[in-house]
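# Geometric and topological summary
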Amino acid sequence: MDKKRKNMWQLAFLAFLIIATVLIIRHQQDMPYQQDSGMVFGTVYHITYQSDRSLKKEIEAELQKVDDALSPFNSQSIISHINRNEDTQLNNMFIDVFEMARQISEETDGAFDITVAPLVNAWGFGFKAGTAPTQHAIDSLKSTVGYKKVSLSSGRIHKTDPRVMLDCSAIAKGYGSDVVARLLKKEGIQNYMVEIGGEIVTSGINQKRERWRIGVTKPSDDSLSVNQELQTVLNVTDKAMATSGNYRNFYYKNGRKYAHTIDPKTGYPVQHSILSATVIAPSCAIADAYATSFMVMGMERARQVLEKHPELMAYLIYTDEKGDYAVWYSPKLEPAIGGD
């Protein structure tokens, strides 16, 4: 009798577990996806996540923290105080990004460099307008550029030259996407896509119960971003992805085209064949920084870096010897191409 009663209890408990599991799955399937958007770092963000309540207030609070640390457009941000050579206490966000930037600068032999802002500004990009600089002006500015001219110790930034300026634009959007993703995970959210200015972090599945698929835009001389034709679609579920390209950020002067990616060593816009570099990495900040680095380095050096870093994958669009579009991508990325 006791054995029979025990078996009945076990069957009842098993039935309870099955019913509870079904209810949880059904609740998760029925739970809506929230869609938030807004402006941050001078660009647009779009965040989609499965939750029964909006977290926009919390999301924007986290993004404000990143802005307060890294935005050169925010006159009271930590980076703005540093650029004005004002004594300021660093916070964990700034230190995280600075140390990550320094490491990637080492790994890319200075192709990634957060001190390149004066050269970027001189060529007419960034947060200051300008005209094409002379060789003399470039040589003068190069003396203030170089990631080894700035260091961090005792919670303070130290410069070898007070004219050195920091600009984290090539890593801040990716870092912001990571920060929001961490917030969503902390809230127990499993399914989401975070996108800030094209820098993306995904997890789980989308509203259609499918893996997230992200398009890679086909390069064209389209400075107004009118052309949205896709080169391919990538499955980037549970990954981070960032793209850097010269095909939209450029201007013409005296009949010559100037791209926005500046080589910190030469002081001039890069003239490599790469038109677009998409990088998939463990974090969006890393993907963001390496995408910019590859635009500076060119095909051969970018592939050399990828061989040393198996945690990275890349999809590179370039012009071949005939001037036609061509594609190279990491072999490990092939299963993700097409978004199947």
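Residues numbered from 1 in each chain as written. Predicted model: local features only at pLDDT ≥ 70, side-chain atom pairs only at ≥ 80, totals over all residues. Heavy atoms only, no water.

### What about the sheet that holds strand E9 (residues 240–245)?
In any sheet, the strands associate via hydrogen bonds between backbone groups, in a parallel or an antiparallel arrangement. The strand order across the open sheet built from 8 strands is E1-E2-E5-E6-E9-E12-E13-E14, with neighbouring strands paired in antiparallel fashion. Edge positions in the sheet fall to strand E1 (33–40) and strand E14 (325–329), since each has one partner strand and no second. Averaged over all pairs of adjacent strands, the angle between strand axes in this sheet comes to 10 degrees, irrespective of strand direction. Alignment of E1 against strand E2 (residues 43–50), held across 8 bridges, turns out to be antiparallel. What sits directly across from Tyr33, in E2, is Gln50. Sheet contacts for helix H9 (residues 299–308): strand E12 (274–281), strand E13 (313–319) and E14; angle to E13, the most-contacted strand, approximately 170 degrees. (Pairing = 2+ DSSP bridges. Helix = DSSP H or I, 4+ residues; strand = E, 2+ residues; numbered from the N terminus. Axes fitted to C-alpha atoms, helices over the stretch in contact; angles between N-to-C directions. Contact = heavy atoms within 4.5 Å.)

### Observations regarding the pairing of E14
Along E14, the buried face is formed by Ala326 and Trp328; none of Tyr325, Val327 and Tyr329, which line the opposite face, is buried. For E13 and E14, the ladder comprises 5 bridges, and the chain directions are antiparallel. When the bridges of E14 are listed, Tyr318 appears paired with Ala326. Taking the residues that link successive antiparallel strands as the turn, the E13-E14 hairpin has 5 residues, and the phi of Gly323 there is positive, at about 85 degrees. (Buried < 20%, exposed > 50% of the residue type's maximum accessible area, 1.4 Å probe, protein only.)

### Section: the side chain of Asn235
Inspection of the secondary structure puts Asn235 in strand E8 (residues 230–235). Residue classification places Asn235 among the buried positions, given a relative accessible area of 8%. A polar side-chain atom of Asn235 sits 3.2 Å from a polar atom in the side chain of Thr237. (Polar contact = N/O pair within 3.5 Å; in protein donor to acceptor, adjacent residues only side chain to side chain.)

### Describing the packing of helix H8 (residues 284–297) against H9
One can describe the packing of H8 onto H9 by two numbers: an axis separation of 7 Å at closest approach and a directional angle of 140 degrees. Between H8 and H9, the angle falls in the class oblique. For the pair H8 and H9, contact is made by Tyr290, Phe294 and Met297 and by Met299, Arg301, Ala302, Val305 and Leu306, respectively. In terms of residue class, the contact of H8 with H9 is built from 7 nonpolar, no polar and 1 charged. (Parallel < 35°, antiparallel > 145°, perpendicular 65-115°, else oblique. Nonpolar A, V, L, I, M, F, W, Y, C, P; charged D, E, K, R; others polar.)

### Comments concerning the nonpolar core
Within the largest apolar cluster, 67 residues are counted, with the highest numbers of intra-cluster contacts made by Ile59, Leu70, Phe94, Leu184, Phe294 and Leu316. Ranked by residues supplied to this core, first place goes to H8 with 10 residues. Sequence-distant contacts of Leu316, that is, excluding residues within four places in its chain, are made with Ile274, Ser276, Ala277, Thr278, Phe294, Met299, Ala302, Ala326, Val327 and Trp328. Ile200, Ile214, Leu234 and Met241 belong to the second-largest nonpolar core, a separate cluster that totals 15 residues. (Core = buried A, V, L, I, M, F, W, Y, C linked by side-chain atoms within 4.5 Å.)

### Observations concerning the packing of aromatic side chains
As enumerated under the stated definition, the model contains 4 aromatic pairs in all. Aromatic side chains Phe94 and Phe98 sit 6.2 Å apart centroid to centroid with 15 degrees between the ring planes, which places their arrangement in the stacked category. Within this pair, Phe94 and its partner Phe98 are both found in helix H4 (residues 92–107), separated by 4 residues, close to a single helical turn. Comparing Phe94 with Phe98, the two get one shared label, buried. Pairing Tyr315 with Tyr329 gives two aromatic rings, centres 6.0 Å apart and planes at 5 degrees, and the pair type is stacked. In this pair, Tyr315 sits in strand E13 while Tyr329 sits in strand E14, placing the two residues 14 residues apart along the sequence. Assessed through its relative accessible area of 28%, Tyr329 is described here as partly exposed. (Phe/Tyr/Trp six-rings, centres within 6.5 Å; stacked < 30°, edge-to-face > 60°.)

### Considering the packing of helix H2 (residues 56–70) against helix H7 (residues 169–186)
Orientation of H2 relative to H7, taken along the N-to-C sense of each, is 145 degrees, at an axis distance of 10 Å. Note on packing geometry: the crossing formed by H2 with H7 is right-handed. Contact with H2, carried on its side by Glu58, Ile59, Glu62, Leu63, Val66 and Leu70, involves Ala172, Tyr175, Gly176, Val179, Val180, Leu183 and Leu184 of H7 and no other residues of that element. Here the contact of H2 with H7 is built from residues that sort into 10 nonpolar, 1 polar and 2 charged. (Left-handed = near helix turned anticlockwise from the far one by under 90°.)

### Comments concerning the environment of Lys308
Residue position: Lys308 is located in helix H9. Overall, Lys308 belongs to the exposed group, its relative accessible area being 68%. Between the C-alpha atoms of Lys308 and Glu107, which are 201 residues apart in sequence, the distance is 9.4 Å.

### Here we look at the environment of Leu166
Looking at where Leu166 falls in the secondary structure, it is placed in the loop between strand E4 (156–159) and H7. Spatially, the C-alpha atom of Leu166 lies 9.7 Å from that of Phe98, the residues being 68 residues apart in sequence.

### As for H8
Since one α-helical turn is 3.6 residues long, residues separated by three or four positions face the same way. Between its first and last C-alpha atoms H8 spans 20 Å; for 14 residues at 1.5 Å apiece the expected length is 20 Å, and the two agree. Among the 14 residues that make up H8, 13 are buried, leaving the element largely enclosed by the rest of the structure. Between the side-chain oxygen at the start of H8 and the backbone nitrogen of Ile286 there is a gap of 3.3 Å, and the oxygen is on Ser283. Trailing H8 by a residue or two, Gly298 shows a phi angle of about 90 degrees, which is positive. (Expected span 1.5 Å × (residues − 1).)

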